[in-house]
Amino acid sequence: MPIRDFFRRDARDDGAQSVALPTAPASEVTVEPTPAGGPEAVPPHPRSRFSPRAWIRPRDVPADLWVRCGNERCRDLIYTREFEKNLRVCQKCHHHARLTARERLGQLLDEASFREEDGGLRPGDPLGFVSAGQPYGEKLIESQSKSGMPEAIICGTGLLEEVPLRIAVADFSFMGASMGSVVGEKVARAVEHSIEDRLPLLAVCSSGGARMHEGIFSLMQMAKTSAALAQLAEARVLFICLLSDPTTGGVTASFAGLGDVMLAEPGALVGFAGPRVIEQITKQKLPPGTQRAEFQLEHGMVDKVVHRRDLRPTIARLLRLYGSQPVAAGWKGD
Ligand SMILES: [Zn+2]
């Protein structure tokens, strides 16, 4: 039984109990005399039933045992182990929760096949930027310690159903996966590596856009990554984009919009400016579902909306269709 129904039933029972209590006028209630010096007589409860609240104490329940679905219209309670088994997708409404870069790599690639590239690149603070009273340098240190990553993207090589590929995965939990100079540089280098070794490139995109803390240096990354991808297209190497929730701003306007094959996860927000900003500027109400992956599929920006459980077979099939072959076990990314 789903836990929500479980607690609902419990709440309903509580209500029933309160309704079932005696409501007769005081004059009609017979009061049993209490024996002198004896224990006070306790009338039997009208519906004495087992209640889990009597023995489940809040401190007995681990805080991470249940997660709540991120979909505002669902908000279902999901058993964490089931949620993880289901690739962090709600079984009831199929809402795809956001993943960290490492979770994504773990879901997409064959076990222990990932080899990181250019992991030593570190961001700088060329403008001495201060935002909301916090220097950019401090914000970076805070984000790095929270996420355990030096920047908002991880690049490297790996196997997907034994087919080798190069992969770049953005992590929205690191400053909204905004594109600063290191993100742009890592994407550009991944493209250059793919031109050299002709490995197909998969970019798992997710971003709030360009990183304002780096000013013009972040905007330059749009041109840099786009120019590098033009060279990849000339070299006739496959580039697949997987758009996850949310992919917006300068990232949509550069490398995330340039895939030979454009895939998206169901319900992902994909667009340049967010719907709220568009509504404020145009003073018009946008139709429901605007800028979602399904909307972009109908309007030609996305080739296919793929459920998370189907991502691995779909991408593997695409790689094989474009000529990649599975490799023998023990491949080390060379
Ligand atoms: Zn849900």
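Criteria and thresholds
Residues numbered from 1 in each chain as written. Predicted model: local features only at pLDDT ≥ 70, side-chain atom pairs only at ≥ 80, totals over all residues. Helix = DSSP H or I, 4+ residues; strand = E, 2+ residues; numbered from the N terminus. Buried ≥ 20, exposed ≤ 12 C-beta atoms within 10 Å, placed from the backbone. Arc of directions from axis to C-beta. Contact = placed C-beta atoms within 7 Å. Expected span 1.5 Å × (residues − 1). Pairing = 2+ DSSP bridges. Axes fitted to C-alpha atoms, helices over the stretch in contact; angles between N-to-C directions.

Enquirer: Would you mind showing me how to read unusual backbone geometry here?
Expert: For residues that are not glycine, phi is negative in most cases, and the peptide bond is trans in most cases. Here Asp245 and Pro246 are connected by a cis peptide whose omega angle stands at -15°. Mapping Pro246 onto the fold places it in strand β9 (residues 239-247). Even without being a glycine, Asp118 presents a positive backbone phi close to 55°. Here Asp118 lies in the loop between β3 (115-117) and β4 (130-131).

Enquirer: What am I meant to see in helix α10 (residues 311-321) here?
Expert: Side chains that are three or four residues apart share a direction in an α-helix, a result of its 3.6 residues per turn. Here α10 has its buried residues at Leu311, Ile315, Ala316, Leu318 and Leu319. In an axial view of α10, the angular spread of the buried residues amounts to 160°, which keeps them on one side of the axis. Pointing more than 90 degrees away from the buried face of α10 are the exposed residues Pro313 and Leu321. The elements touched by buried residues of α10 are α3 (101-108), β6 (153-160), β7 (163-170), β8 (201-207), β9 and β10 (261-264). Positive phi shows up at Gly323, right after α10, with a value of about 105°.

Enquirer: I tried to follow helix α5 (residues 181-197) on my own but got confused; where do I start?
Expert: For α5, built from 17 residues, the straight-helix expectation of 24 Å at 1.5 Å per residue is met to within 8% by its first-to-last C-alpha distance of 24 Å. Buried residues of α5: Val182, Val183, Gly184, Lys186, Val187, Ala188, Ala190, Val191 and Ser194, and no others. Those residues of α5 that are buried are in contact with β6, β7, β8 and α6 (216-234). Of the residues trailing α5, Arg198 is marked for its positive phi of about 60°.

Enquirer: Even after reading the chapter, I still don't get the pairing of β10, so can you show me in this structure?
Expert: Remark: a regular strand shows side chains that alternate across the two faces of the sheet. The pairing of β9 with β10 spans 4 bridges and is parallel. Paired with Ile240 across the two strands is Val261, which belongs to β10. The pairing of β10 with strand β11 (residues 304-305) spans 2 bridges and is parallel. Bridged to Ala264 within β11 is Val305.

Enquirer: Honestly, the environment of Glu279 in this entry has me stumped. Any pointers?
Expert: Mapped onto the elements, Glu279 comes out in helix α8 (residues 275-282). On the basis of neighbour counts, which here come to 14 C-beta atoms within 10 Å, the residue Glu279 falls in the partly exposed class.

Enquirer: Explanation requested: the pairing of β7 in the structure shown.
Expert: Counting buried residues in β7 gives 8 out of 8 residues, a clear majority hidden from the surface. What you see with β7 is no split at all: Val163, Leu165, Ile167 and Val169 on one side and Pro164, Arg166, Ala168 and Ala170 on the other are buried throughout. Bridge analysis of β6 against β7 gives 8 bridges, and the strand direction is antiparallel. Its bridge partner lying in β7, Gly158 is registered against Leu165. Count of turn residues in the β6/β7 antiparallel hairpin: 2 residues, of which Glu161 carries a positive phi of about 50°. Where β7 and β8 come together, 4 bridges link them in parallel fashion. What sits directly across from Arg166, in β8, is Leu201.

Enquirer: What is the right way to look at the sheet that holds β6 in this model?
Expert: Sheets are built from strands that pair by backbone hydrogen bonding, the pairs being arranged parallel or antiparallel. Pairing within the open sheet is mixed, and its 7 strands lie in the order β3-β6-β7-β8-β9-β10-β11. Each end of this open sheet is capped by a strand with a single partner; those strands are β3 and β11. Along the sheet, α5 contacts β3, β6, β7 and β8; its crossing angle with β7, the most-contacted strand, is approximately 170°.

Everything listed here is a matter of coordinates, which is why it stays silent on function.
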